[in-house]
Amino acid sequence: MAVAAFVLPFEKPIVDLVSRVRELRLLAESDPKFEHELRRLEEKTGRLAREVFATLTPWQKVQLSRHPNRPYTLDYVGQLFEDFQELHGDRRYGDDAAIVGGLARYRGRSVVVIGHQKGRTTKEKVARNFGQAHPEGNRKACRLYELADRFGLPIFTFIDTPGAYPGIGAEERGQSEAIGACLFAMSKAQVPIIATIIGEGGSGGALALGVANRVHVLEYGTYSVISPEGCASILWKDGAKSNIAAAAMRMTAPDLLQFKIVDSIIEEPPGAAHQDPLAAARNIDVVLQASLRELLAMTPEELADDRYKRFRSLGAYVA
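Reading the values: the criteria
- Residues numbered from 1 in each chain as written.
- Predicted model: local features only at pLDDT ≥ 70, side-chain atom pairs only at ≥ 80, totals over all residues.
- Heavy atoms only, no water.
- Helix = DSSP H or I, 4+ residues; strand = E, 2+ residues; numbered from the N terminus.
- Buried < 20%, exposed > 50% of the residue type's maximum accessible area, 1.4 Å probe, protein only.
- Contact = heavy atoms within 4.5 Å.
- Areas by Shrake-Rupley, 256 points an atom, 1.4 Å probe, with all protein chains shown as cover.
- 1 Å grid on protein atoms, 1.4 Å probe; cavity = no way out; pocket = protein on both sides within 12 Å on 5 of 7 lines; lining within 4 Å.
- Points joined across faces, edges and corners; volume = space filled by probe spheres on them.
- Nonpolar A, V, L, I, M, F, W, Y, C, P; charged D, E, K, R; others polar.
- Salt bridge = Lys/Arg side-chain N within 4 Å of Asp/Glu carboxyl O.
- Axes fitted to C-alpha atoms, helices over the stretch in contact; angles between N-to-C directions.
- Parallel < 35°, antiparallel > 145°, perpendicular 65-115°, else oblique.
- Phe/Tyr/Trp six-rings, centres within 6.5 Å; stacked < 30°, edge-to-face > 60°.
- Polar contact = N/O pair within 3.5 Å; in protein donor to acceptor, adjacent residues only side chain to side chain.

S.K.: Explanation requested: the overall build of the protein in the structure shown.
M.R.: The number of helices and strands found in the protein is 14 helices and eight strands. Reported as C-alpha extents along the three principal axes, the dimensions of the protein are approximately 60 × 50 × 50 Å. Across the 319 residues that make up the protein, the buried fraction comes to 49%. Contacts in the protein between residues at least 24 apart in sequence constitute 73% of all its contacts with a sequence separation of at least 6. Total accessible area computed for the protein in this model is approximately 15,400 Å², and 55% of it derives from carbon and sulfur atoms.

Spelled out as structure tokens, the structure:
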């Protein structure tokens, strides 16, 4: 995954060490005498990363969730799935590159994979609309949900979006209806659905891929009803107070697990997923396998009922 260098101020010490680890790892492959030094440096990197990242503020975690070097859906699809065949279009208006989806094999089983996709270069970012789906993108997702349900295929979704695109054209083409159709299709599907928040999960655009039996989040992923900037603009008429909003919104992985919005937190490698995408993919794979094994033991009716009970319990309050 070739990406341009981008380093957040607080991660610079770790990035420097990770670069040295990579260099030493190449040397150790050709000369075993470097293996001891490699292990020592890996331990030091992991220790420093834990120390630095243990004190991150919610706003810094939001920045990590949006890091332009983080692996995106297609990066994980390439590592976790085989024979991926992307399907295009909503059969009504057009294709939306902000959402990718199609058929694939996971551990020998046919599945459907759907996820938000951002771009790396400026041209790709514009083509992918920065991961913000138009109505046709959400309708494409809905079409794939119905396809999976018809043929009994488990569904894997990967969430990474600032939110559904709020432009005039999107609203004219029925953005809210398209998201609602996704929620309905996912809620009634009688197949296993596993969602993974791999970056930022914003608003209805994230929920359109999030009505799942099991929802997991990467360690530095976020999930919220609105962006911190949007929240700050509404509450204080000042988007610069987004750091305050991020803390108040309780949108980071530990809070999400505490409130049972997600079912588990997937550990990221030292320095976060973008420092070692292969290790991040392996960690996701372990969780996906366990979730799928658990859900395959349920009947189709039990799967739909399990999903219903999961979301009905969110926000429950007992006086």
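Having put the structure on the table, let's press on.
S.K.: Hey, could you run me through empty space enclosed by the protein in this one?
M.R.: The rolling of a water-molecule-sized probe over the atoms marks out the regions of remaining empty space. Per the counting criterion, the structure on display carries one cavity of 30 Å³ or more. One number sums up the size of the largest cavity: a volume of about 70 Å³. Around the largest cavity, the lining comprises 13 residues; the ones closest to its centre are Arg66, Glu200, Ser224, Ser227 and Met251. Within the residue set of the lining of the largest cavity, elements represented by two or more residues are helix 3 (58–65), strand 5 (193–202) and strand 7 (222–224). When residues of the lining of the largest cavity are assigned to their parent elements, the largest contribution, three residues, is made by strand 5. Tallied by class, residues from the lining of the largest cavity come to four nonpolar, seven polar and two charged.

S.K.: Looking at this structure, how should I read the pattern of salt bridges?
M.R.: If the charged atoms of two oppositely charged side chains come close together, the side chains can form a pair. The tally for this structure, following the rule as stated, stands at 15 salt bridges. We note a salt bridge from Glu268 to Arg70, for which the minimum N-O separation is 2.9 Å. Of the two residues, Glu268 is situated in the loop between strand 8 (264–266) and helix 13 (277–296) and Arg70 in the loop between helix 3 and helix 4 (73–80); the sequence distance between them amounts to 198 residues. The residues Glu268 and Arg70 share a single accessibility class, namely buried.

S.K.: Mind showing me how you'd approach the packing of helix 10 (residues 228–236) against helix 11 (residues 242–249) here?
M.R.: Axes are the key here: two packed helices are described by the angle between their axes and the distance separating the axes. For the pair helix 10 and helix 11, the least separation of the axes is 8 Å and the interaxial angle reads 100 degrees. Classified by the angle their axes make, helix 10 and helix 11 are roughly perpendicular. Counted together, Pro228, Glu229, Cys231, Ala232 and Trp236 of helix 10 and Ser242, Ile244, Ala245, Ala246 and Met249 of helix 11 form the full contact between these two elements. Taken together, the residues of the contact of helix 10 with helix 11 break down into eight nonpolar, one polar and one charged.

S.K.: Would you mind going over the layout of surface pockets with me for this structure?
M.R.: The computed volume of the second largest pocket comes to approximately 360 Å³. Mapped by element, the contributors of at least two residues to the lining of the second largest pocket are helix 9 (203–207), strand 7 and helix 14 (300–312). Of all the elements, helix 9 adds the most residues to the lining of the second largest pocket, at three residues. Classifying every residue of the lining of the second largest pocket by side-chain character gives 11 nonpolar, four polar and two charged.

S.K.: Would you explain the packing of aromatic side chains in this entry?
M.R.: The relative placement of two aromatic rings is captured by the distance of their centres and the angle of their planes. Enumeration over the complete set of coordinates arrives at five aromatic pairs. Between Phe81 and Tyr106, the ring centres sit 5.3 Å apart and the planes meet at 50 degrees, which makes this aromatic pair tilted. With a gap of 25 residues between them, Phe81 in the loop between helix 4 and strand 1 (82–86) and Tyr106 in strand 2 (residues 99–106) connect regions that are remote in the sequence. As far as the burial class goes, Phe81 and Tyr106 line up, both buried. Pairing Phe81 with Phe156 gives two aromatic rings, centres 5.5 Å apart and planes at 65 degrees, and the pair type is edge-to-face. Residue Phe81 is located in the loop between helix 4 and strand 1, and its partner Phe156 is located in strand 4 (residues 155–161); the two are separated by 75 residues in the primary sequence.

S.K.: Looking at this structure, I do not really get the side chain of Arg139. What am I missing?
M.R.: Position of Arg139 relative to the elements: it lies in helix 6 (residues 135–151). You can call Arg139 buried: its relative accessible area is 15%. Within the structure, the side chain of Arg139 is placed 3.0 Å from the backbone oxygen of Arg173, a separation counted as a polar contact.

S.K.: Is there a simple way to think about unusual backbone geometry in this case?
M.R.: Note on backbone geometry: most residues besides glycine have negative phi, and most peptide bonds are trans. Although it is not a glycine, Lys260 sits at a positive phi angle of roughly 65 degrees. Note that Lys260 resides in the loop between helix 12 (253–258) and strand 8. For Lys260, a relative accessible area of 63% puts it in the exposed group. One non-glycine residue with positive phi stands out, namely Ala272, at about 85 degrees. For Ala272, the position within the fold is in the loop between strand 8 and helix 13.

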